Amino acid sequence: MSYLVIFEELKELLRKQNRSSDEIADIERAFEFARKLHEGQYRISEEPYIVHPVEVAKILTELKADKDSIIAAFLHDILEDTITQPEEIEQSFGADVLKLVQGVTKLGKYQFKSKEERQAENFRRMFIAMAQDVRIIFLKLADRLHNMRTLGYMAANKQKRIAQETLDIFAPLANRLGIGKIKAELEDLSLRYINPEKYYEIAKLVAQTKNERDATISALIEDIKASLKENGIKAKINGRAKHYYSIYKKMERLNVTFDQLYDVSAIRVIVDDEKTCYEVLGLIHSRFKPIPGRFKDYIAMPKGNLYRSLHTSVIGSKNKPVEIQIRTKEMHEVAEYGVAAHWRYKESGSVKSDNKYDLQFSWMRKMMEIDKDSSDAKDFVESVKLDLFSDQVFAFTPAGDVIDLPANSTPVDFAYRIHTEVGHRTVGALINGRIAQLDTKLKNGDIVEILTSKQFMPKIDWLNFVVTKSAVSKIRLWFKKYNREENIEIGRANLEIYITKPVFDELLKSGEIERAAREMNYKSQDDLFAAIGYGETTLHKVANKLKKPTPEIQDIKNIPEKSQQDSQKRKKDTKKYDIVGLEDMLWSLAKCCTPIPGEPIVGVITRSKGVSVHRLDCKCLYDVEPERMMDIKWADKVSKGTYIAHIRIETQDRVGLLKDVLLKIADTNISYANSYSKNKKFGIIDLGIELDNIETLKKVITSIQSIPDVYSVRRLQQKDQNFGPKPKKHQHKHKTYHQDKKHENL
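Residues numbered from 1 in each chain as written. Predicted model: local features only at pLDDT ≥ 70, side-chain atom pairs only at ≥ 80, totals over all residues. Heavy atoms only, no water.

Trainee: Tell me about the overall build of the protein, residues and numbers included.
Mentor: Across its full length, the protein holds 30 helices and 22 strands. In the protein, which comprises 746 residues, the share counted as buried stands at 49%. The contacts in the protein between residues at least 6 apart in sequence include a share of 65% that link residues at least 24 apart. Carbon and sulfur atoms provide 50% of the accessible area of the protein, an area that totals close to 39300 Å². (Helix = DSSP H or I, 4+ residues; strand = E, 2+ residues; numbered from the N terminus. Buried < 20%, exposed > 50% of the residue type's maximum accessible area, 1.4 Å probe, protein only. Contact = heavy atoms within 4.5 Å. Areas by Shrake-Rupley, 256 points an atom, 1.4 Å probe, with all protein chains shown as cover.)

Right under this line is the structure:
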């Protein structure tokens, strides 16, 4: 489509929004200004470059953005792609427009060590600028949305990188700002390039079931319309389908198929005022059977992005559940257009304010705090993604103030969010009036009271459970400042164990550790040891910086015979198990949790046995100091081998159930099988099975779960591997089998 046609559509949209003729004239002047400067430039799609700014301006117009934002959309690539100077933009269109353009302009003229560092700094600048004027992110979101719409012209590797970046940064931003329309489209487009097979599979399934869904929704809409008409309530009712990405995430989260989802579509009821929302809710619940636990009141308790609505699910025709959303016209505008809609209502007088751009969400202010606590741009961006874009939990102070935190946050995160000193002085917490452990995970609606002491008393083990990056940074900073000698001792001891004492002594003597410390920007080797001690850097990073002694330097004769044997064992183990982060190190798989390739793992440094590899959810990690833990992971390709997983199956107690279980997993090698009764009603079967990776285990568990009379299947750890009583000699109902018996005995 010609850019002139698109611009005419934009102008028509402006007229429908009752924009003044002067405003439209200024916008047209900006279009001509950009068209001349971009003349002769083309996009990868081979269309004139000016098409892109016009499309971005159109997206912002659809969001009903202000005049300066739309003008900035036409000019947003001018400073980067032409020789135009900032002064020219300010002189022609004002300082406000220049600020918006500079807010989205990339760091093209600065030197960085890598593309990743440059991009991280770009994002950091964008986030900080956004905290000053949120219109900058509106502009950036519109820019990204059009780029995603035309991503098909890019190379495949760029498509995936840009789509992942969009999913990690821009879609969560749109969600935080409440712009549902842009969020949904960004997520769908990202899924299309990240996982095209799943995207087209869901699209096909949605299309195939459309007629049946539409019939169910239409019947329910007619029933609701009739009920509202009887009670004299005016409402606009329509059905809407969930976007593909939300369907994909729900299938993944619940581990269900498309057929098992019942809220692929929903009904939306839009009324005139808030009071009528609750009247409609009552009428719907009196006419249709509501599903317990599915009612959410986002009107009384709005989401952090201003979203307000009533959500409920009822049993519709053919006994199929249907989600219903009830909201006012204003709430619907905010749900679609987020902060932009909120400002439009402020301008109309429903919200009083001295400055129409003064809406500063608490999470925007947090970005300024995160920037102060972050060591570099990459750290800042990771903190923003973790603290601001993860799922949220809303807790209250005793005074009724709402504190929003990432999901799984604890009272310690809550304390540090209030103030750094409150966090440092924390000694306990009351949750809903009851004493709770500091590692308790907070839930929505919890009232949290922090108990403090007069002295600073942070604990290093808090790093094991705090979730927010800001809390982690503040705890580490305190220990860095006040526990230096202890941290030096801890860091030195851990590095000595990590690289073995003979190697450590030689590197210390040769000055190699001192050199590595300076290369890592520490003033001395003691500073490096301290950094290891309080967790600022990892043993793996330090080891990678150290140049290992040559065979001539190492006195092999002085190394104990056991160390040489350990070295040979390590080489053997490295071939058998391939774990990234443990190269050339002595290590072993922990027997307490028996990790399997493919599942999250963590390394724990031991005093005499090198590194012990645990599952990330291992119960034994609760008492491990964070400075002893290492970031490791399974390699993409692991050497062939078998691993034993211990599982417990809880069943109805009946004869022949063990046989049914073993038949289901006949292709799997079984190291032991033990079954016994519990209360003469329930049966328990413990199995040891040999397999190659976590995916095989998941298939085994799914297969067993499909057996009638099986209540649950779960992994066992050493702490709960109580395999029950041994069967008596004459007891035939339950038997213990071992792998060394012949197969027919099973």
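Trainee: Tell me what's going on with the packing of aromatic side chains, and back it up with residues and numbers.
Mentor: Taken as a whole, this structure holds eleven aromatic pairs when the rule is applied. For the pair Phe7 and Phe74, a centre-to-centre distance of 5.9 Å together with 65° between the ring planes defines the contact as edge-to-face. Highlighted residues: Phe7 in helix α1 (residues 3-16) and Phe74 in helix α4 (residues 67-75), separated in sequence by 67 residues. When sorted by exposure, Phe7 lands in the same class as Phe74, which is buried. Aromatic ring contacts, followed pair by pair, group Phe7, Phe31 and Phe74 into a single cluster. (Phe/Tyr/Trp six-rings, centres within 6.5 Å; stacked < 30°, edge-to-face > 60°.)

Trainee: Please provide a residue-by-residue account of the sheet that holds strand β13 (residues 587-589), values included.
Mentor: Ordered by their spatial adjacency, four strands build an open sheet running β13-β15-β14-β16, and the pairing between neighbours is mixed. Two strands in the sheet have a free side with no partner beyond their single neighbour: β13 and β16 (629-631). With strand direction ignored, the average angle separating the axes of adjacent strands in the sheet is 35°. (Pairing = 2+ DSSP bridges. Axes fitted to C-alpha atoms, helices over the stretch in contact; angles between N-to-C directions.)

Trainee: Describe the sheet that holds strand β11 (residues 448-452), listing the residues and the values that go with them.
Mentor: Across the sheet, three strands lie side by side as β10-β9-β11; this open sheet has antiparallel pairing. Here the strands that pair on one side only, and so sit at the sheet edges, are β10 (434-436) and β11. Averaged over all pairs of adjacent strands, the angle between strand axes in this sheet comes to 35°, irrespective of strand direction. As defined by bridge partners, strand β9 (residues 426-431) adjoins β10 across three bridges and the pair is classed as antiparallel. Bridging across to β10, Ile431 finds its partner in Arg434. Here helix α20 (residues 411-418) sits on the sheet in contact with β9 and β11, set at roughly 80° to β11.

Trainee: Can you lay out the pattern of salt bridges for me, pointing to particular residues and giving the numbers?
Mentor: For the coordinates displayed, the defined rule picks out 28 salt bridges. One salt bridge in this structure joins Arg425 and Glu421, with 3.5 Å as the shortest N-O distance. Note on Glu421: relative accessible area 38%, which makes it partly exposed. One continuous salt-bridge network, built from bridges that share partners, spans Glu512, Arg515, Glu519 and Lys545. (Salt bridge = Lys/Arg side-chain N within 4 Å of Asp/Glu carboxyl O.)

Trainee: An account of the environment of Leu228 is requested, with residue identities and associated values reported.
Mentor: Mapped onto the elements of the fold, Leu228 is located in helix α13 (residues 210-230). Sequence separation between Leu228 and Val280 is 52 residues; the distance between their C-alpha atoms is 7.3 Å. The residues touching Leu228, leaving out its near neighbours within four places in the chain, are Ile233, Ala235, Ile237, Val269, Val280 and Leu283.

Trainee: Quick one: what's the story with the packing of helix α23 (residues 484-499) against helix α24 (residues 501-510), residue by residue and with numbers?
Mentor: One can describe the packing of α23 onto α24 by two numbers: an axis separation of 6 Å at closest approach and a directional angle of 120°. Only Lys501, Val503, Phe504, Leu507 and Leu508 of α24 make contact with α23, whose side of the interface consists of Arg492, Leu495, Glu496 and Ile499. Tallied by class, residues from the contact of α23 with α24 come to six nonpolar, no polar and three charged. (Nonpolar A, V, L, I, M, F, W, Y, C, P; charged D, E, K, R; others polar.)

Trainee: Let's hear about the nonpolar core: which residues, and what values?
Mentor: Counting residues in hydrophobic clusters, the biggest one holds 81 residues, and the most contacted among them are Leu495, Ile499, Leu582, Leu687, Ile689, Leu697 and Ile704. Setting aside its immediate chain neighbours within four residues, Ile499 contacts Phe504, Leu507, Ala543 and Leu546. Grouped together as the second largest cluster of nonpolar side chains are 59 residues, Val56, Ala72, Leu151 and Ala171 included. (Core = buried A, V, L, I, M, F, W, Y, C linked by side-chain atoms within 4.5 Å.)

Trainee: Outline α24, supporting the account with residue identities and numerical values.
Mentor: Val503, Phe504 and Leu507 are the residues of α24 that are buried. When α24 is viewed along its axis, its buried side chains cluster within an angular range of 100° and face the same direction. For α24, the elements touching its buried residues are α23, α25 (512-519) and α26 (525-533). Gly511 sits one or two positions beyond α24 and adopts a positive phi of about 85°. (Arc of directions from axis to C-beta.)

Trainee: Residues and numbers for the side chain of Glu23, please.
Mentor: When you line up the elements, Glu23 lands in helix α2 (residues 21-37). A distance of 2.7 Å separates a polar atom in the side chain of Glu23 from a polar atom in the side chain of Arg19. (Polar contact = N/O pair within 3.5 Å; in protein donor to acceptor, adjacent residues only side chain to side chain.)

Trainee: Which residues make up unusual backbone geometry, and what values do they have?
Mentor: With a phi close to 75°, Glu46 is a non-glycine residue in the positive phi region. Within the fold, Glu46 resides in the loop between α2 and α3 (51-62). Classification of Glu46 by relative accessible area gives exposed; the value is 68%.

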